[in-house]
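Each chain, written out:
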Amino acid sequence: MSDLDDVKAEFLKTLDGAKAAGEAEKLRTDWLGRTGRLRKLTEDLGKLPVEQKKLRGKAINDLKVALEAAIDERLKSLSGVKAAPVDPIDVTIPGARPRYGRRHPVYATMDEIRHIFEKLGFEAAYGPEIETAYYNFEALNIPLDHPAAEPFDTYYLDDPDAASRPYRYLLRSHTSPAQMHVMESRKPPIRVVVPGKVFRTDPADASHLPVFHQCEGLMVDEGVTFADLKGVLAIAAKELFGAKTETRFRPSYFPFTEPSAEVDVTCLLCGGGGCPACKGSGWIEILGCGMVHPRVLEYAKIDPAKYTGFAFGMGVERVAMLKLGVPDIRHFIRNHPLFLRQW
Ligand SMILES: [Zn+2]
């Protein structure tokens, strides 16, 4: 069978000279195809005796398998690819989930507060973020040169010595100026809720930001009493923090309400039993409120002998921190995606 060995040697030499995949594939046709060299070798088989025919047939077949393998090996080395090609579409891989946007937790909370008061018959109203000193302070019974004005200190938009005082422009430091705009533009009965952005000269720390949000409420009508205020806020607190939430009113002072109160709700974490979050008291302060000061009604040209009203205001970030368990108010402005994606 030395002729077959010669054939093999010749083939391997030729294959070795193939420098591209196309050349190696052409050898497959030339040598192993229908009219190839190996086919010609089998043509003489019929003339051989049976025993020899069997042996030679097997030898030719073995040669064919060896040449096929040699071509495949050569193709692999020419393409430089050792592994089998990867199917470009794998339908079993989970799809890429698109990232949906969502409401910022502060704005979601502000909407929630507004909805609660809308259900109680309050209508949403909005005021300008740029105010005059008159609306931010004086019309709300806050004397500008009085210590009572200090917590409401804000950013002025013009010269501090401007002769135009008290009509200087500033960024509102609370949503209460919007109360005055509402009372000036419509007559009682008035029931409005005012969500919005406010500004203070507080440096940012774990519980303060120079820009934050408030939600203000105002109701003015004949015969409105402190009992109405207590009832509205007790219901709102249950809606906002859960049906088991209790409220507590503590006497306080605001220039624009008389009498005034701070409102606490039972601690969301311990339910009133006392824990580190509520400093052991079982209560957490959430808002300030009171009966609208008669002088404020007079500024708005509403007769305080005929009408009474109540007002309240809460910090939206503070409510969001309590509801969502956020320990530091600055997370709301850092806006890290991992933080925001929690809700
Ligand atoms: Zn607690």
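### Looking at the overall build of the protein
So, step 1. Scanning the protein from N- to C-terminus turns up 12 helices and 9 strands.
So, step 2. Its C-alpha atoms give the protein a radius of gyration of 43 Å, more than 25% over the compact-globule value 20 Å for 343 residues.
So, step 3. Along the longest, intermediate and shortest principal axes, the C-alpha atoms of the protein span 135 × 50 × 40 Å.
So, step 4. Taking all 343 residues of the protein together, 30% fall into the buried category.
So, step 5. The long-range fraction of contacts in the protein, counting pairs at least 24 apart against all pairs at least 6 apart in sequence, stands at 64%.

### Some points on helix H8 (residues 226-241)
So, step 1. Over its 16 residues, H8 runs 22 Å from end to end, which matches the ideal 22 Å to within 8%, given 1.5 Å per residue.
So, step 2. What H8 keeps buried is the set Leu 229, Val 232, Leu 233, Ala 236, Ala 237 and Phe 241. End-on view of H8: buried residues confined to an arc of 135°, all on one side of the axis. In H8, the exposed positions that point more than 90 degrees away from the buried face belong to Ala 227 and Gly 231.
So, step 3. Of the residues trailing H8, Gly 242 is marked for its positive phi of about 120°.

### Topic: the nonpolar core
So, step 1. In this structure, Val 192, Val 220, Leu 233, Cys 289 and Phe 310 are the most contacted members of the largest nonpolar core, which totals 64 residues.
So, step 2. Every residue in contact with Val 220, bar those within four places of it in the chain, is listed here: Met 183, Pro 188, Pro 189, Ile 190, Val 292, Ile 302, Tyr 307 and Gly 309.
So, step 3. Judged by nonpolar contacts, the second largest core, of 6 residues, contains Ala 24, Leu 27, Trp 31 and Leu 63.

### Focus on the domain arrangement of the protein
So, step 1. What the domain assignment reports for the protein is domain 1 (2-79) and domain 2 (105-340).
So, step 2. Put simply, the middle of domain 1 and the middle of domain 2, counted by C-alpha atoms, are 93 Å apart.

### What about unusual backbone geometry?
So, step 1. In this model, Pro 188 is joined to Pro 189 through a cis peptide bond whose omega is 5°.
So, step 2. One can find Pro 189 in the loop between helix H7 (177-185) and strand S4 (190-199).
So, step 3. Note that the residue after Glu 258, namely Pro 259, is joined by a cis bond; omega there is -5°.
So, step 4. Inspection of the secondary structure assignment puts Pro 259 in strand S7 (residues 257-266).
So, step 5. Look at Lys 279: it is not a glycine, yet its phi comes out positive at around 55°.
So, step 6. Within the element layout of this structure, Lys 279 appears in the loop between S7 and strand S8 (283-292).
So, step 7. Under the C-beta neighbour-count criterion, Lys 279 is labelled exposed, with 11 such atoms within 10 Å.

### Thoughts on the packing of helix H5 (residues 105-119) against helix H10 (residues 316-324)
Between two packed helices, both the angle of their axes relative to each other and the distance between the axes serve to describe the pair.
So, step 1. Running from amino to carboxyl end, H5 crosses H10 at an angle of 100°, the nearest separation of the two axes being 9 Å. Considering the angle they form, H5 stands roughly perpendicular to H10. For the pair H5 and H10, contact is made by Pro 105, Val 106, Thr 109, Met 110 and Ile 113 and by Val 316, Glu 317, Val 319, Ala 320, Lys 323 and Leu 324, respectively.
So, step 2. The residue makeup of the contact of H5 with H10, split by class, is 8 nonpolar, 1 polar and 2 charged.

The rules behind each value
Residues numbered from 1 in each chain as written. Predicted model: local features only at pLDDT ≥ 70, side-chain atom pairs only at ≥ 80, totals over all residues. Helix = DSSP H or I, 4+ residues; strand = E, 2+ residues; numbered from the N terminus. Rg over C-alpha atoms; globule rule 2.2 N^0.38 Å. Buried ≥ 20, exposed ≤ 12 C-beta atoms within 10 Å, placed from the backbone. Contact = placed C-beta atoms within 7 Å. Expected span 1.5 Å × (residues − 1). Arc of directions from axis to C-beta. Core = buried A, V, L, I, M, F, W, Y, C linked by C-beta atoms within 7 Å. Domains from an automatic or database assignment. Axes fitted to C-alpha atoms, helices over the stretch in contact; angles between N-to-C directions. Parallel < 35°, antiparallel > 145°, perpendicular 65-115°, else oblique. Nonpolar A, V, L, I, M, F, W, Y, C, P; charged D, E, K, R; others polar.

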